[in-house]
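A closer look at the structure
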Amino acid sequence: ENKRIYNYTNKGDLVNGWEAVVNTDKITAPLNYFRAKGLDYLTILDQSGNLNLLDRKGKSVVKFKQKLKNPYHNEYYLIPDNTLNASSIVICDSTGKITRLYFSGKIESEQPIKSNTEFYFNYSTLNGQYVFVSKNKLSTFGNDFEKKLETKLNLNSLTKPAFVYSSSQLKE
């Protein structure tokens, strides 16, 4: 409501030292937490596409100049790495364009599918695959955006699928 992010302990008390972060727009995507080199970080994405990286006290570490266009279904995927600069965010827009934004500022974009129908997107950090599901098709792509799998579906309606990976699938 007031575009601020507060941090509470598990007992419901405000965390000491946390600065209530003020955002320029409403936050519609979940916040993500990760650690790099022993330090804690939060990522925040608002409905205008502003991405902000905060430290454990709520101070902005990186505020990206580029806005992320139309995160489809307000989802994005955090890919933590050993260093902050190697860590990244993956989003997909409503056309099927995937953008990977590294905290170093490097940006990679690719459009493995072109879609004008509703679909769901998932990025598996376990095996580095991009997954697209629509009413009539399931497609997966590797980190190099080469198609790994495509199968036809015949669904009456499309709801957000649950993605489950077995240990044998992760070795592929």
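Now for a quick tour of the structure. (Residues numbered from 1 in each chain as written. Predicted model: local features only at pLDDT ≥ 70, side-chain atom pairs only at ≥ 80, totals over all residues. Heavy atoms only, no water.)

1. Focus: the pattern of salt bridges
Using the following cut-off: Salt bridge, as used here, is a side-chain nitrogen of Lys or Arg placed within 4 Å of a carboxyl oxygen of Asp or Glu. For the purposes of this entry, the term helix denotes a DSSP run of H or I that reaches at least four residues, the term strand denotes a run of E that reaches at least two, and both are numbered from the N terminus. The buried label applies to any residue whose accessible area, calculated with a 1.4 Å probe on protein chains only, is under 20% of its type's maximum; exposed applies above 50%, and partly exposed to all values in between.
In the structure shown here, the tally under the stated rule is 5 salt bridges. The salt bridge partner of Glu19 is Lys59, with a shortest N-O separation of 3.8 Å. Remark: Lys59 occurs in the loop between β5 (51-55) and β6 (60-63) and Glu19 occurs in the loop between β1 (4-5) and β2 (21-22); sequence separation between them is 40 residues. Among the residues examined, Lys59 registers a relative accessible area of 41% and is labelled partly exposed. Note that Glu150 is salt-bridged to Lys147, the shortest N-O span being 2.8 Å. Since its relative accessible area comes to 41%, Glu150 is described here as partly exposed. Take Lys147: its relative accessible area is 48%, and that puts it in the partly exposed class.

2. Let's talk about the packing of aromatic side chains
Quick note on the threshold: Note on aromatic contacts: the rings of Phe and Tyr and the six-membered ring of Trp form a pair at centre separations within 6.5 Å, being stacked when their planes are under 30 degrees apart, edge-to-face when over 60 apart, and tilted otherwise.
One pass over the structure, following the stated rule, counts 9 aromatic pairs. Aromatic ring contacts, followed pair by pair, group Tyr77, Phe119, Phe121, Tyr123, Tyr130, Phe132, Phe141 and Phe145 into a single cluster.

3. Remarks on the sheet that holds strand β14 (residues 147-152)
Stated precisely, the cut-off is as follows: Here a strand pair is declared whenever DSSP counts at least two bridges between the two strands. Interaxial angle, 0 to 180 degrees, is taken between N-to-C directions of lines fitted to C-alpha atoms, where a helix line uses only the stretch in contact.
Taken in spatial order, the 4 strands line up as β11-β12-β13-β14 in an open sheet, and their pairing is antiparallel. One side of each edge strand has no neighbouring strand; the edge strands of this open sheet are β11 (120-124) and β14. Mean inter-strand twist for the sheet, computed between neighbouring axes without regard to direction, equals 10 degrees. Where β11 and strand β12 (residues 129-133) come together, 5 bridges link them in antiparallel fashion. If you follow Phe121 over to β12, its bridge partner there is Phe132.

4. What to know about the nonpolar core
Our working definition: For this analysis, a nonpolar core means a set of buried residues of the types Ala, Val, Leu, Ile, Met, Phe, Trp, Tyr and Cys, connected via side-chain atoms within 4.5 Å. By definition, residues are in contact when any of their heavy atoms lie within 4.5 Å.
Formed by 17 residues in total, the largest nonpolar core has its most connected members in Phe34, Leu51, Leu53, Ile89 and Phe103. Elements that contribute at least two residues to this core include exactly β3 (32-36), β4 (39-45), β5, β7 (76-79) and β8 (88-92). Among all residues touching Leu51, those that are not within four sequence positions of it are Thr43, Ile44, Leu45, Val62, Lys63, Phe64, Leu68, Ile89 and Leu101. Residues Ile79, Val90, Phe141 and Phe145 belong to the second largest nonpolar core, which totals 13 residues.

5. So, the pairing of strand β9 (residues 98-102)
Burial of β9 is extensive: 5 of the 5 residues sit out of reach of the surface. A two-sided burial pattern is seen for β9, the buried positions comprising Ile98, Arg100 and Tyr102 on one face and Thr99 and Leu101 on the other. Two elements, β8 and β9, share 5 bridges in a ladder whose sense is antiparallel. From the neighbouring strand, Ser88 faces β9, where its bridge partner is Tyr102. A loop of 5 residues connects β8 with β9, the two strands running antiparallel in sequence, and Gly96 in this loop sits at a positive phi of about 100 degrees. Bridge count for β9 against strand β10 (residues 107-110) is 4 bridges, and the pairing is antiparallel. In the strand pairing of β10, Arg100 is matched with Glu108. Connecting the antiparallel pair β9 and β10 is a turn made up of 4 residues, with Gly105 showing a positive phi of about 110 degrees.

6. As for unusual backbone geometry
At Lys37, a residue that is not glycine, the phi angle is positive and equals roughly 55 degrees. The phi dihedral of Phe145 is positive, around 70 degrees, even though this residue is not glycine. Structurally, the position occupied by Phe145 is in the loop between β13 (137-141) and β14.

7. As for the pairing of β12
Among the 5 residues in β12, 5 count as buried, and that is most of the element. Because side chains alternate across β12, one face comprises the buried residues Gln129, Val131 and Val133, and the other comprises Tyr130 and Phe132, equally buried. Counting the residues between successive antiparallel strands, the hairpin from β11 to β12 contains 4 residues, one of them, Gly128, with a positive phi of roughly 65 degrees. Bridge count for β12 against β13 is 4 bridges, and the pairing is antiparallel. In the sheet register, Val131 faces β13, and the bridge partner there is Thr140. Where β12 folds back on β13, the antiparallel hairpin that results is connected by 3 residues.

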